[in-house]
Amino acid sequence: MGSGAGGAGDVGGAGGAIRRRFALGVAVLTAAGLLAVAAPGDAQAAAHCSGRRVRTLPFSTGSVVVYKRDGYVCAVTLPEKPGTKRHMMVSVQARGGRPVVDEGRFAYRAGPVTVHAGQRCVWVKGRVARGHVSSGWILC
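Residues numbered from 1 in each chain as written. Predicted model: local features only at pLDDT ≥ 70, side-chain atom pairs only at ≥ 80, totals over all residues. Heavy atoms only, no water.

Caption draft 1: Quick look at the environment of Gly 83. As for its position among the elements, Gly 83 is in the loop between β3 (72-79) and β4 (86-94). Residues Gly 83 and Arg 109, spaced 26 residues apart in sequence, show a C-alpha to C-alpha distance of 9.5 Å. If we skip the residues at most four places from it in the chain, Gly 83 touches Ala 107 and Tyr 108. (Helix = DSSP H or I, 4+ residues; strand = E, 2+ residues; numbered from the N terminus. Contact = heavy atoms within 4.5 Å.)

Written out as C-alpha cells, the structure reads:
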C-alpha cells in the first residue's frame, strides 16, 4: 500500500510540474503580448487600426500612420519620442464629411480615429507639440 501511495504522489508531482510549466509559458506569452502593445512605433499603431497600412506621413516630431480596410480609413499619430505627455492630435476627414478628431495631452499616441470613406478621398492631419503634417486629399 505504501508503494501505491508513493506512485500516486509521483504522478501528482509530474502533473504539478506540467501545470507549472504551462503557467510559466502562459505568463511569458502574456508579458510578450503586453510589451508588443506597449511598444511605441508602427506596431503600436497596428494594434489599434485594422486593415493594411497605406501611408505614413512623417514630420519633425512624429508621424501619422494611415490604414485602410473595407472602405474605412483609420489613422494614429505617434510621437518620435514617446513617454512624455504633450499636445497631440490626429484628424481624418472624408471628402464631403466632417473631420473626426482626437486631440489632447498624450504620452504615446493620439487616436485611433476612423471614418467611412468608401471610395472618397480623405484629408489626414497630425500634430505632436509644434510639429505637424497635413496630407491634402489622398487615397482618391
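Caption draft 2: Geometry of the state of the cysteines. Counted by the stated rule, this structure contains two disulfides. Here Cys 49 engages in a disulfide with Cys 74; their sulfurs sit 1.9 Å apart. Because the sign of the S-S torsion sets the handedness, a value of about -60° for the bond joining Cys 49 and Cys 74 places this disulfide among the left-handed ones. Separated by 25 residues along the polypeptide, Cys 49 in the loop between α2 (42-48) and β1 (52-59) and Cys 74 in strand β3 bring together distant segments of the chain. With respect to class, Cys 49 is no different from Cys 74; both count as buried. At a sulfur-sulfur separation of 1.9 Å, the disulfide partner of Cys 121 is Cys 140. Around the S-S axis, the bridge from Cys 121 to Cys 140 shows a dihedral of about 130° and counts as right-handed. With Cys 121 in the loop between β6 (110-116) and β7 (122-128) and Cys 140 in the segment after β8 (131-138), this pair connects stretches of sequence that are 19 residues apart. (Disulfide = S-S within 2.5 Å. Buried < 20%, exposed > 50% of the residue type's maximum accessible area, 1.4 Å probe, protein only.)

Caption draft 3: Representation of the sheet that holds β1. Taken in spatial order, the four strands make up an open sheet running β1-β2-β3-β6, and their pairing is antiparallel. If you trace the sheet from one side to the other, it starts and ends with β1 and β6, each paired once. Adjacent strand axes in the sheet meet at a mean angle of 15° when their direction is disregarded. (Pairing = 2+ DSSP bridges. Axes fitted to C-alpha atoms, helices over the stretch in contact; angles between N-to-C directions.)

Caption draft 4: The arrangement of the pairing of β8 in detail. The pairing of β7 with β8 spans six bridges and is classified as antiparallel. Each bridged residue has a counterpart across the sheet, and for Val 122 the counterpart in β8 is Ile 138. Between β7 and β8, which pair antiparallel one after the other, the connecting turn spans two residues, and Ala 129 there sits at a positive phi close to 55°.

Caption draft 5: Quick peek at the nonpolar core. Of all hydrophobic cores here, the largest spans 20 residues; its most connected members are Val 64, Val 66, Val 73, Ala 75, Val 92, Val 122 and Val 124. Every element with two or more residues in this core is listed here: β1, β2 (62-69), β3, β4, β6, β7 and β8. In terms of residue count, β4 provides more of this core than any other element does, four residues in total. Apart from the residues within four sequence positions on either side, Val 73 is in contact with Val 66, Tyr 67, Lys 68, Val 92, Val 113, Thr 114, Val 115, Ala 117, Val 122 and Leu 139. Membership of the second largest hydrophobic core comes to six residues, among which are Cys 49, Val 65, Tyr 67 and Leu 78. (Core = buried A, V, L, I, M, F, W, Y, C linked by side-chain atoms within 4.5 Å.)

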